[in-house]
Amino acid sequence: MGLFRRATEALRSGLTKTRTALTGVFGALAGRKIDEEALQTIEASLLRADVGPALSQSLVESLRTAWRQGTVTTGEEARDHLANDLRERLGDHRGSITRADQGPTVLLVVGVNGAGKTTSIAKLAKQFSAEGKVVLAAADTFRAGAVHQLEVWAERLGVDIIKGKEGADPAAVAWDGAEAAVARNADFLIVDTAGRLHVQEELMRQLSKIKDVLGRVIPNAPHESLLVLDATAGQNGLRQAEHFLAAAAIDGIVLAKLDGTARGGVALSIREHTGVPVKFVGTGERPEDLEVFDPEPYVDALLGLDDGSTE
Ligand SMILES: Nc1nc2c(ncn2[C@@H]2O[C@H](COP(=O)(O)OP(=O)(O)OP(=O)(O)O)[C@@H](O)[C@H]2O)c(=O)[nH]1
Ligand SMILES: [Mg+2]
């Protein structure tokens, strides 16, 4: 492993609710020998943090084995064992964004309505603006006010936006966005999409049309299809997004609204459930509240293992 990576203050603060749920248990076990009851309490707290049944069970099983072998005896040792186990399981789960060899890198952002797509796009636009020119395409022409919402962000962030009228064909907006990104020598094109249409199948057809159009204007586009999940929905959010996972060839997950939930454990089991890595986490409503997902600091922040000092 390279440098030891620390959780940022923003991540730590975003995970406060989840951490409180988890560390309460270890606080109560501090200085005590663990037993079967303690193991069950730990499992219950992992479930409450929405780590998911399969992973929670497997983590506690490994803890139980270590306890029986006598390598883990106290609450502190149990927490360290759990942290190491998680770091090992998630070690290679750092997902980076696929970039275009040349021309604009195209990111398509999808997800159920209200998940946090548009806000996450603003955050991505802010991060990528530090690297190059960003153009946004407002292809959610279905929901009233959606185009305007992205427009307000574009203005605040000082990035270009391509839009159609409300009710316009989203694929046509994507096409215009792709052409504009090329013509303006943009480095990134980020495409916003609707979270809901009258008919679910129609939305999937629309997304595949958007993808098709992007790929015709820019080779290999979209380079990243990002699914935004609402962390406050926990494991349920995964079920709500099933259609997208099944039909939209998702490359990465943006887990939004971590700051509003005690279910931040969901980030640990998403890859296992879906085969798709979490690439970013949202920790607030401001454009700067987006972090590249990195399992090691995430686990530390979740279990309260870092000392709280800032970067
Ligand atoms: N606390 C918090 N709120 C967030 C975060 N991300 C998004 N939100 C809020 O969640 C709400 C919905 O976010 P949007 O970005 O509009 O969601 P959307 O997926 O684009 O919604 P539709 O366009 O209706 O499908 C807004 O009030 C956002 O401010 C986050 O990381 N933390
Ligand atoms: Mg939106």
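Since we're looking at a predicted model, the values are computed, not measured. (Residues numbered from 1 in each chain as written. Chains lettered and ligands numbered in written order. Predicted model: local features only at pLDDT ≥ 70, side-chain atom pairs only at ≥ 80, totals over all residues.)

Moving on, we get to the overall build of the chain. A tally of regular secondary structure across the chain gives 13 helices and eight strands. Against the 2.2 N^0.38 benchmark of 19 Å for 311 residues, the chain shows a C-alpha radius of gyration of 21 Å, consistent with a compact globule. With the C-alpha coordinates aligned to their principal axes, the bounding extent of the chain is approximately 65 × 40 × 30 Å. For the chain, the proportion of its 311 residues judged to be buried stands at 50%. Counted over contacts in the chain with a minimum sequence separation of 6, partners at least 24 positions apart contribute 76%. (Helix = DSSP H or I, 4+ residues; strand = E, 2+ residues; numbered from the N terminus. Rg over C-alpha atoms; globule rule 2.2 N^0.38 Å. Buried ≥ 20, exposed ≤ 12 C-beta atoms within 10 Å, placed from the backbone. Contact = placed C-beta atoms within 7 Å.)

Let's shift gears to the environment of L47. Tracing the backbone shows L47 in helix 3 (residues 36-48). Under the C-beta neighbour-count criterion, L47 is labelled partly exposed, with 17 such atoms within 10 Å. With residues up to four places along the chain from it excluded, the contact list for L47 reads P53 and S56.

A word on the sheet that holds strand 5 (residues 224-230). Pairing in this open sheet of eight strands is mixed, and the strands run 3-2-4-1-5-6-7-8 from one edge to the other. Unpaired on one side and paired on the other, strand 3 (160-163) and strand 8 (290-292) mark the two borders of the sheet. Each neighbouring strand pair of the sheet contributes to a mean axis angle of 25°, computed without reference to strand direction. Judged from the three bridges that link them, strand 7 (residues 278-282) and strand 8 form a sheet pairing that is antiparallel. Within strand 8, the residue paired with V281 across the bridge is E291. (Pairing = 2+ DSSP bridges. Axes fitted to C-alpha atoms, helices over the stretch in contact; angles between N-to-C directions.)

Around ligand 1 sit 22 residues, and of these G116, K117, T119, G195 and G282 come closest. With three residues, helix 6 (residues 117-129) is the largest single contributor of residues to the shell around ligand 1. Here the shell around ligand 1 is composed, by residue class, of four nonpolar, 11 polar and seven charged. (Near = placed C-beta within 6 Å. Nonpolar A, V, L, I, M, F, W, Y, C, P; charged D, E, K, R; others polar.)

The N-to-C vectors of helix 8 (residues 170-183) and helix 9 (residues 200-217) enclose an angle of 25°; their axes lie 9 Å apart at closest approach. Of the possible angle classes, the one that applies to helix 8 and helix 9 is roughly parallel. Crossing hand, helix 8 versus helix 9: right-handed. Each of P170, A171, A174, W175, A178, E179 and V182 in helix 8 lies in contact with helix 9, whose residues at this interface are Q206, K209, I210, V213, L214 and V217. (Parallel < 35°, antiparallel > 145°, perpendicular 65-115°, else oblique. Left-handed = near helix turned anticlockwise from the far one by under 90°.)

One recurring pattern in soluble globular proteins: nonpolar side chains tend to sit buried together. Counting residues in each nonpolar core, the largest one holds 97 residues, and the members touching the most others are L136 and I190. Per-domain counts for this core show at least three residues from each of domain 1 (9-93) and domain 2 (105-293). Among all residues touching L136, those that are not within four sequence positions of it are I121, A125, L150, A154, V159, D160, I161, I190 and D192. (Core = buried A, V, L, I, M, F, W, Y, C linked by C-beta atoms within 7 Å. Domains from an automatic or database assignment.)

The next point concerns helix 8. Over its 14 residues, helix 8 runs 20 Å from end to end, which matches the ideal 20 Å to within 8%, given 1.5 Å per residue. Those residues of helix 8 that fall on the buried side of the exposure criterion are P170, V173, A174, W175, G177, A178 and A181. Immediately beyond the C-terminal end of helix 8, within one or two residues, lies N185, with a positive phi of roughly 55°. (Expected span 1.5 Å × (residues − 1).)

Burial analysis of strand 1 (residues 105-110) places six of its six residues in the buried class, which makes it a mostly covered element. Pairing of strand 1 with strand 4 (residues 188-192), which is carried by five bridges, proceeds in the parallel orientation. Bridge assignment links T105 to a residue of strand 4, and that residue is F188. Where strand 1 meets strand 5, four bridges bridge the pair, whose relative direction is parallel.

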